[in-house]
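# Per-entry structural report
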Number of protein chains: 2
Amino acid sequence: MTHLVSYDIADDSLRIKVSKLLIQLGLHRVQYSVFMGQLKTSNRGKLERSLKKIAQSPKWSDEDSVMMLPLHQYSSDFVKFIGDTPDHWLEIQGKLHTLIL
Amino acid sequence: MTHLVSYDIADDSLRIKVSKLLIQLGLHRVQYSVFMGQLKTSNRGKLERSLKKIAQSPKWSDEDSVMMLPLHQYSSDFVKFIGDTPDHWLEIQGKLHTLIL
(Lines give C-alpha, C1' and ligand atoms only; values in the text may rest on other atoms or scores of the structure.)
Protein backbone atom coordinates (compact mmCIF):
# COMPACT_ATOMS: atom_id res chain seq x y z
CA MET A 1 0.00 0.00 0.00
CA THR A 2 1.39 3.37 -1.03
CA HIS A 3 1.96 5.79 1.82
CA LEU A 4 3.05 9.33 2.30
CA VAL A 5 4.76 10.03 5.61
CA SER A 6 5.72 13.57 6.58
CA TYR A 7 7.10 15.00 9.80
CA ASP A 8 7.78 18.09 11.84
CA ILE A 9 10.40 17.12 14.41
CA ALA A 10 12.51 19.81 16.05
CA ASP A 11 15.27 17.67 17.59
CA ASP A 12 18.00 16.68 15.10
CA SER A 13 18.72 13.24 16.56
CA LEU A 14 15.03 12.26 16.72
CA ARG A 15 14.43 13.54 13.20
CA ILE A 16 17.37 11.53 11.85
CA LYS A 17 16.12 8.47 13.74
CA VAL A 18 12.69 8.76 12.10
CA SER A 19 14.12 9.41 8.62
CA LYS A 20 16.35 6.31 8.92
CA LEU A 21 13.38 4.25 10.08
CA LEU A 22 11.28 5.37 7.10
CA ILE A 23 14.06 4.56 4.60
CA GLN A 24 14.64 1.21 6.31
CA LEU A 25 10.98 0.35 5.77
CA GLY A 26 11.35 1.07 2.06
CA LEU A 27 10.10 4.62 1.76
CA HIS A 28 11.86 7.22 -0.40
CA ARG A 29 12.53 10.83 0.49
CA VAL A 30 10.62 13.01 -1.97
CA GLN A 31 11.17 16.27 -0.10
CA TYR A 32 13.12 17.19 3.00
CA SER A 33 10.39 16.13 5.42
CA VAL A 34 8.16 14.09 3.07
CA PHE A 35 8.61 10.39 2.25
CA MET A 36 6.67 8.14 -0.09
CA GLY A 37 6.62 4.52 -1.12
CA GLN A 38 5.13 1.12 -0.51
CA LEU A 39 4.39 0.10 3.06
CA LYS A 40 3.26 -3.45 3.80
CA THR A 41 0.44 -3.73 6.34
CA SER A 42 2.81 -5.40 8.81
CA ASN A 43 5.33 -2.57 8.36
CA ARG A 44 2.60 0.03 8.80
CA GLY A 45 1.83 -1.38 12.24
CA LYS A 46 5.52 -1.64 13.05
CA LEU A 47 6.11 1.97 11.97
CA GLU A 48 3.20 3.25 14.04
CA ARG A 49 4.45 1.44 17.15
CA SER A 50 8.02 2.69 16.63
CA LEU A 51 6.82 6.26 16.14
CA LYS A 52 4.66 6.15 19.27
CA LYS A 53 7.70 4.97 21.20
CA ILE A 54 9.87 7.73 19.71
CA ALA A 55 7.15 10.26 20.63
CA GLN A 56 7.62 9.30 24.28
CA SER A 57 11.26 10.41 24.22
CA PRO A 58 12.08 13.44 26.40
CA LYS A 59 13.51 15.01 23.23
CA TRP A 60 10.08 14.93 21.56
CA SER A 61 8.41 18.36 21.59
CA ASP A 62 4.69 19.06 22.02
CA GLU A 63 4.58 20.57 18.53
CA ASP A 64 6.27 17.59 16.87
CA SER A 65 4.19 15.41 14.61
CA VAL A 66 4.38 12.60 12.08
CA MET A 67 1.58 12.14 9.56
CA MET A 68 0.94 8.70 8.03
CA LEU A 69 -1.25 9.05 4.95
CA PRO A 70 -2.28 6.02 2.88
CA LEU A 71 -2.63 6.96 -0.80
CA HIS A 72 -5.14 5.78 -3.34
CA GLN A 73 -3.97 5.11 -6.91
CA TYR A 74 -5.84 8.30 -7.80
CA SER A 75 -3.23 10.39 -5.98
CA SER A 76 -0.32 8.85 -7.84
CA ASP A 77 -2.09 9.25 -11.18
CA PHE A 78 -2.63 12.97 -10.69
CA VAL A 79 0.31 14.12 -8.58
CA LYS A 80 2.32 17.01 -10.01
CA PHE A 81 5.74 18.37 -9.22
CA ILE A 82 6.70 21.93 -9.92
CA GLY A 83 10.48 22.18 -10.00
CA ASP A 84 12.72 19.28 -9.01
CA THR A 85 11.20 15.79 -9.29
CA PRO A 86 12.53 13.36 -6.64
CA ASP A 87 15.37 10.99 -7.60
CA HIS A 88 13.37 7.84 -7.09
CA TRP A 89 10.20 9.16 -8.59
CA LEU A 90 9.95 6.73 -11.53
CA GLU A 91 10.65 3.85 -9.18
CA ILE A 92 8.06 5.07 -6.68
CA GLN A 93 5.53 5.60 -9.46
CA GLY A 94 6.41 2.25 -11.03
CA LYS A 95 5.89 0.47 -7.76
CA LEU A 96 2.56 2.19 -7.30
CA HIS A 97 1.31 0.84 -10.61
CA THR A 98 2.76 -2.63 -10.16
CA LEU A 99 1.23 -3.22 -6.77
CA ILE A 100 -2.09 -1.51 -7.08
CA LEU A 101 -3.34 -1.84 -10.66
CA MET B 1 -11.25 18.37 -4.16
CA THR B 2 -8.97 17.70 -1.22
CA HIS B 3 -5.30 18.37 -1.87
CA LEU B 4 -2.03 18.01 -0.09
CA VAL B 5 0.63 20.50 -1.12
CA SER B 6 4.16 20.24 0.23
CA TYR B 7 7.33 22.11 -0.61
CA ASP B 8 11.07 22.27 -0.35
CA ILE B 9 12.06 25.86 -1.05
CA ALA B 10 15.41 27.17 0.14
CA ASP B 11 14.87 30.91 -0.25
CA ASP B 12 12.93 32.49 2.65
CA SER B 13 11.07 35.09 0.60
CA LEU B 14 9.96 32.58 -2.06
CA ARG B 15 8.90 30.08 0.61
CA ILE B 16 6.81 32.71 2.40
CA LYS B 17 5.29 33.76 -0.93
CA VAL B 18 4.20 30.18 -1.64
CA SER B 19 2.87 29.59 1.88
CA LYS B 20 0.79 32.79 1.66
CA LEU B 21 -0.55 31.72 -1.73
CA LEU B 22 -1.59 28.31 -0.38
CA ILE B 23 -3.37 29.84 2.62
CA GLN B 24 -5.04 32.41 0.35
CA LEU B 25 -6.45 29.55 -1.74
CA GLY B 26 -7.98 28.00 1.40
CA LEU B 27 -5.39 25.41 2.37
CA HIS B 28 -4.34 24.86 5.99
CA ARG B 29 -0.83 24.32 7.28
CA VAL B 30 -0.69 20.84 8.82
CA GLN B 31 3.08 20.73 9.19
CA TYR B 32 5.83 23.24 8.52
CA SER B 33 6.07 22.47 4.79
CA VAL B 34 2.82 20.52 4.32
CA PHE B 35 -0.59 22.06 3.59
CA MET B 36 -3.98 20.40 3.17
CA GLY B 37 -7.51 21.40 2.34
CA GLN B 38 -10.08 21.86 -0.36
CA LEU B 39 -8.94 23.18 -3.72
CA LYS B 40 -11.51 24.04 -6.39
CA THR B 41 -10.60 22.93 -9.92
CA SER B 42 -10.25 26.56 -10.99
CA ASN B 43 -7.94 27.27 -8.04
CA ARG B 44 -5.87 24.18 -8.82
CA GLY B 45 -5.11 25.56 -12.27
CA LYS B 46 -4.46 29.00 -10.82
CA LEU B 47 -2.10 27.56 -8.21
CA GLU B 48 -0.18 25.55 -10.79
CA ARG B 49 0.27 28.60 -13.02
CA SER B 50 1.37 30.76 -10.07
CA LEU B 51 3.86 28.13 -8.91
CA LYS B 52 5.34 27.74 -12.39
CA LYS B 53 5.81 31.50 -12.49
CA ILE B 54 7.44 31.50 -9.04
CA ALA B 55 9.72 28.64 -10.18
CA GLN B 56 11.11 30.96 -12.86
CA SER B 57 12.39 33.43 -10.26
CA PRO B 58 16.19 33.77 -10.04
CA LYS B 59 15.80 32.96 -6.32
CA TRP B 60 14.37 29.51 -7.18
CA SER B 61 16.99 26.77 -6.71
CA ASP B 62 17.38 23.63 -8.86
CA GLU B 63 16.60 21.48 -5.84
CA ASP B 64 13.42 23.36 -4.95
CA SER B 65 10.11 21.62 -5.50
CA VAL B 66 6.40 21.87 -4.80
CA MET B 67 4.27 18.71 -4.84
CA MET B 68 0.54 18.96 -5.59
CA LEU B 69 -1.20 15.75 -4.54
CA PRO B 70 -4.97 15.29 -4.96
CA LEU B 71 -6.37 13.09 -2.18
CA HIS B 72 -9.08 10.46 -2.36
CA GLN B 73 -11.54 10.17 0.55
CA TYR B 74 -9.68 6.98 1.45
CA SER B 75 -6.65 9.01 2.55
CA SER B 76 -8.65 11.19 4.89
CA ASP B 77 -10.42 8.17 6.36
CA PHE B 78 -7.19 6.43 7.28
CA VAL B 79 -4.73 9.24 7.98
CA LYS B 80 -2.99 9.08 11.34
CA PHE B 81 -1.07 11.63 13.33
CA ILE B 82 1.53 10.65 15.87
CA GLY B 83 2.09 13.58 18.21
CA ASP B 84 0.56 16.98 17.60
CA THR B 85 -2.60 17.05 15.46
CA PRO B 86 -2.90 20.24 13.36
CA ASP B 87 -5.07 23.09 14.68
CA HIS B 88 -7.56 22.99 11.84
CA TRP B 89 -7.68 19.23 11.61
CA LEU B 90 -11.36 18.79 12.51
CA GLU B 91 -12.27 21.52 10.08
CA ILE B 92 -10.13 20.00 7.33
CA GLN B 93 -11.59 16.58 8.02
CA GLY B 94 -15.11 18.01 8.24
CA LYS B 95 -14.72 19.69 4.90
CA LEU B 96 -13.46 16.48 3.39
CA HIS B 97 -16.60 14.65 4.45
CA THR B 98 -18.98 17.46 3.56
CA LEU B 99 -17.70 17.91 0.05
CA ILE B 100 -16.88 14.35 -0.95
CA LEU B 101 -19.37 12.03 0.74
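Further up the page is the structure itself.
Residue indices follow the written sequence of each chain, beginning from 1 at its first position. Numbering of ligands from 1 and lettering of chains from A proceed in the order in which they are written. In view of the model being predicted, local features appear only for residues whose pLDDT reaches at least 70, and side-chain atom pairs are presented and counted only at 80 or more, with totals across whole chains, interfaces and linings using the full set of residues. Only heavy atoms go into the side-chain values, all of them from the structure, while hydrogens and water stay out.

Each helix is a run of DSSP H or I of at least 4 residues and each strand a run of E of at least 2, with the numbering of both proceeding from the N terminus. Take the residue count of a helix, subtract one, and multiply by 1.5 Å to get its expected span. The end-to-end C-alpha separation of helix α2 (residues 41-54) of chain B is 20 Å, in line with the 20 Å expected for 14 residues at 1.5 Å each. With a 1.4 Å probe rolled over the protein chains alone, any residue whose accessible area is under 20% of its type maximum counts as buried; one over 50% counts as exposed, and the rest are partly exposed. Residues of α2 of chain B that are buried include every one of Asn43, Arg44, Leu47, Glu48, Leu51 and Ile54 of chain B, and no others. The buried residues of α2 of chain B occupy one face: seen down the axis, they fall within an arc of 140 degrees. Those residues of α2 of chain B that are exposed and angled more than 90 degrees off the buried face are Thr41, Ser42, Arg49 and Lys53 of chain B. Looking at the buried positions of α2 of chain B, the neighbouring elements they touch are α3 (73-78) and β5 (80-83) of chain A together with β1 (2-8), α1 (12-24) and β4 (65-70) of chain B. By construction, the arc corresponds to the directions joining the helix axis to the C-beta atoms. In what follows, residue pairs with any heavy atoms lying within 4.5 Å of each other are defined as contacts.

This part is about the sheet that holds strand β3 (residues 34-38) of chain B. The criterion for strand pairing is that DSSP finds at least two bridges linking the strands in question. Strand order in the open sheet formed by five strands is β5(A)-β4(B)-β1(B)-β3(B)-β2(B), with antiparallel pairing between adjacent strands. Single-partner strands in this sheet number two, and they are β5 of chain A together with β2 (28-31) of chain B. Ignoring which end each strand starts from, the neighbouring axes of this sheet average 25 degrees apart. When β5 of chain A meets β4 of chain B, the two strands line up antiparallel, connected through four bridges. Across the sheet, the residue bridging to Ile82 of chain A is Val66 of chain B, located in β4 of chain B. Sheet contacts for α2 of chain B: β5 of chain A together with β1 and β4 of chain B; angle to β4 of chain B, the most-contacted strand, approximately 170 degrees. Axis angles are defined between N-to-C directions and span 0 to 180 degrees, where every axis is a line fitted to C-alpha atoms and, for a helix, only to the segment in contact.

Put simply, the second copy of the chain is the first one after a rotation about an axis and a shift along it. We place the copies in one frame by least squares, fitting the C-alpha atoms of every residue whose pLDDT is at least 70 in both. Mapping chain B onto chain A is achieved by rotating through 180 degrees and translating by 0.0 Å along the same axis, at an RMSD of 0.0 Å. One copy is carried onto the other by what is essentially a two-fold rotation axis. Among all C-alpha atoms of chain B, that of His72 of chain B lies closest to the rotation axis, at 3.1 Å.

Here we come to the packing of aromatic side chains. The geometry of two aromatic rings is summed up by the distance between their centres and the angle between their planes. Any pair of Phe, Tyr and Trp rings, taking the six-membered ring for Trp, is counted once the centres come within 6.5 Å. Such a pair is stacked with planes under 30 degrees apart, edge-to-face with planes over 60 apart, and tilted for the rest. Following the criterion strictly, the structure yields four aromatic pairs over all chains and no others. Seen from their ring centres, Tyr7 of chain A and Phe35 of chain A are 5.6 Å apart, and the 40 degrees between their planes marks the pair as tilted. Note that Tyr7 of chain A is positioned in strand β1 (residues 2-8) and Phe35 of chain A in strand β3 (residues 34-38), a separation of 28 residues in sequence. The buried category is assigned to Tyr7 of chain A, whose relative accessible area is 2%. Take Phe35 of chain A: its relative accessible area is 0%, and that puts it in the buried class. Look at Tyr74 of chain B and Phe78 of chain B: their rings are 4.9 Å apart centre to centre, the planes differ by 45 degrees, and that puts the pair in the tilted class. Placement of the pair is Tyr74 of chain B and Phe78 of chain B together in helix α3 (residues 73-78), with a separation of four residues, close to one helical turn. Residue class for Phe78 of chain B comes out partly exposed when judged on its relative accessible area of 44%. A ring has a charge above it when a Lys NZ or an Arg CZ is no more than 6 Å from the ring centre and no more than 35 degrees off the ring normal. Against the face of Tyr32 of chain A rests Arg29 of chain A, its NZ or CZ located 5.0 Å from the ring centre.

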